[in-house]
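An overview of the molecular structure
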Amino acid sequence: EILKVLFTKEVWSYEKVETICKKRKLMIGSVLEQINDYALEKVDDIIIEEDGDNIYVMTEYKDLLK
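This section reports on the structure supplied with the text. (Residues numbered from 1 in each chain as written. Predicted model: local features only at pLDDT ≥ 70, side-chain atom pairs only at ≥ 80, totals over all residues. Heavy atoms only, no water.)

When helices and strands are counted, the protein shows three helices and three strands. For the protein, the succession of helices and strands along the chain, N to C, is α-β-α-α-β-β. For the protein, the C-alpha radius of gyration of 11 Å lies close to 11 Å, the compact-globule estimate for 66 residues. Overall size of the protein, expressed as C-alpha extent along the three principal axes, is 25 × 20 × 20 Å. The buried share of the protein, taken over its 66 residues, is 33%. Counting every atom, the protein has about 4,600 Å² of accessible surface; 46% of that belongs to carbon and sulfur. Across the protein, the 10 positively charged side chains and the 15 negatively charged ones have centroids separated by 12 Å. (Helix = DSSP H or I, 4+ residues; strand = E, 2+ residues; numbered from the N terminus. Rg over C-alpha atoms; globule rule 2.2 N^0.38 Å. Buried < 20%, exposed > 50% of the residue type's maximum accessible area, 1.4 Å probe, protein only. Areas by Shrake-Rupley, 256 points an atom, 1.4 Å probe, with all protein chains shown as cover. Lys, Arg positive; Asp, Glu negative; His and termini not counted. Charge placed at Lys NZ, Arg CZ, Asp CG, Glu CD.)

Here we take up the sheet that holds strand 3 (residues 54-57). Strand order in the open sheet formed by three strands is 1-3-2, and the pairing between neighbours is antiparallel. What marks the edges here is a single partner per strand, and that holds for strand 1 (11-13) and strand 2 (48-51). Sheet twist, expressed as the mean angle between neighbouring strand axes with direction ignored, is 25°. Sheet analysis places strand 2 next to strand 3, joined by four bridges and oriented antiparallel. Considered in strand 3, the bridge of aspartate 51 is made with asparagine 54. Strand contacts of helix 2 (residues 14-23): strand 1, strand 2 and strand 3, with the helix running at about 75° to strand 1, the strand carrying the most contacts. (Pairing = 2+ DSSP bridges. Axes fitted to C-alpha atoms, helices over the stretch in contact; angles between N-to-C directions. Contact = heavy atoms within 4.5 Å.)

Okay, the side chain of asparagine 36 next. Inspection of the secondary structure puts asparagine 36 in helix 3 (residues 28-43). With residues near it in sequence (within four places) discarded, asparagine 36 still touches Asp45, Ile46, Ile47 and Ile48.

See the structure below:
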């Protein structure tokens, strides 16, 4: 569910993603790690990268990871 939301934009603020996770009673670090682990299994690449205040989503994998 969170992955579907993240695929709607290529760049997210860390705070916004953290809020999305907290609403679901999840920790952002765990969520991002699980998403990247899933992506590594399916497409042999990570799809989430953190860079300080921003989180980047590789939306080109959207159709492969629905």
